[in-house]
Amino acid sequence: QVQLVESGGGLVQPGGSLRLSCAASTRIFDIFPMGWYRQAPGKQRELVALITSRTRTNYTDSVKGRFTISRDNGKNTVFLQMNSLKPEDTAVYYCNLQMGIGRVYWGQGTQVTVSS
């Protein structure tokens, strides 16, 4: 069973930065898409950022220019650098790994709260 462990969440003021990390318990390769999703109270889980190779990334419109997703396959880790954080970024952030049909894994989530 593949495990994903997120870290790096917390409380930050508007305009601040956080860096989330997600460590996988298995080897990861560029062909395996990895992503960050978030779910705010009362809302559906949404895709924030996706990385399918070292340079191929995709972001939801609301975070473009502020968030950066990256991966270190040697450390089996994916990162989400979040800058210029806004209160509306407050949510539980989940890491996702796709290794094929029926092989989709989620982390336990890490809380990000943006508030003054």
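Above: the structure in question.
Keep in mind that this is a model prediction, so the values were computed, not measured. (Residues numbered from 1 in each chain as written. Predicted model: local features only at pLDDT ≥ 70, side-chain atom pairs only at ≥ 80, totals over all residues. Heavy atoms only, no water.)

1. Considerations on unusual backbone geometry
Line of reasoning, step 1. One non-glycine residue, Asn-76, lies in positive phi territory at about 55°.
Line of reasoning, step 2. Residues other than glycine seldom take positive phi values, yet Ser-84 does so here, at roughly 50°.

2. Structural notes on the side chain of Thr-110
Line of reasoning, step 1. Relative to the helices and strands, Thr-110 resides in strand S11 (residues 110–114).
Line of reasoning, step 2. Among the polar contacts listed, one links the side chain of Thr-110 to the backbone nitrogen of Gly-9, at a separation of 3.3 Å.
Line of reasoning, step 3. Beyond its immediate sequence surroundings of up to four residues, Thr-110 is in contact with Glu-6, Gly-9, Leu-20, Ala-91, Val-92 and Tyr-93. (Helix = DSSP H or I, 4+ residues; strand = E, 2+ residues; numbered from the N terminus. Polar contact = N/O pair within 3.5 Å; in protein donor to acceptor, adjacent residues only side chain to side chain. Contact = heavy atoms within 4.5 Å.)

3. What to know about the sheet that holds strand S1 (residues 4–7)
Line of reasoning, step 1. Pairing within the open sheet is antiparallel, and its four strands lie in the order S1-S3-S8-S7. With one partner strand each, in any of the chains shown, S1 and strand S7 (67–72) form the two edges of the open sheet. Between one strand axis and the next, the sheet turns through 15° on average, direction left out of account. (Pairing = 2+ DSSP bridges. Axes fitted to C-alpha atoms, helices over the stretch in contact; angles between N-to-C directions.)

4. Regarding the state of the cysteines
Line of reasoning, step 1. This structure, assessed with the given rule, holds one disulfide.
Line of reasoning, step 2. Cys-22 shares a disulfide with Cys-95; S-S distance 2.1 Å. Its torsion about the S-S bond being -80°, the disulfide of Cys-22 and Cys-95 is classed as left-handed. Separated by 73 residues along the polypeptide, Cys-22 in strand S3 (residues 18–24) and Cys-95 in strand S9 (residues 91–98) bring together distant segments of the chain. (Disulfide = S-S within 2.5 Å.)

5. Structural notes on the pairing of S9
The side chains of a regular strand alternate between both faces of the sheet.
Line of reasoning, step 1. Most of S9 sits out of view: six of its eight residues are buried.
Line of reasoning, step 2. In terms of strand pairing, S9 meets S11 through three bridges, oriented antiparallel. Across the sheet, Tyr-93 pairs through a bridge with Thr-110, a residue of S11.
Line of reasoning, step 3. Strand direction decides the pairing type here: S9 and strand S10 (residues 104–106), joined by three bridges, are antiparallel. Within S10, the position partnered with Gln-98 by the bridge is Val-104. (Buried < 20%, exposed > 50% of the residue type's maximum accessible area, 1.4 Å probe, protein only.)

6. Topic: the nonpolar core
Generally speaking, soluble globular proteins have nonpolar side chains that are buried together.
Line of reasoning, step 1. Of all hydrophobic cores here, the largest spans 31 residues; its most connected members are Trp-36, Leu-80, Met-82, Tyr-93 and Leu-97.
Line of reasoning, step 2. Looking at this core, the elements with two or more residues in it are S3, strand S4 (34–39), strand S5 (46–51), S7, strand S8 (77–82), S9 and S11.
Line of reasoning, step 3. Here Met-82 is in contact with Gly-16, Ser-17, Leu-18, Leu-20, Arg-66, Phe-67, Tyr-93 and Val-112, once residues within four sequence places are set aside. (Core = buried A, V, L, I, M, F, W, Y, C linked by side-chain atoms within 4.5 Å.)

7. Some words on the pairing of S8
Line of reasoning, step 1. Here S8 lies mainly inside the structure; five of its six residues are buried.
Line of reasoning, step 2. Taken together, the six bridges between S3 and S8 define a ladder with antiparallel strand orientation. Residue pairing for S8: Ala-23 is matched across the bridge by Thr-77.
Line of reasoning, step 3. Here six bridges tie S7 to S8, and the two strands are oriented antiparallel to one another. What sits directly across from Ile-69, in S8, is Leu-80.

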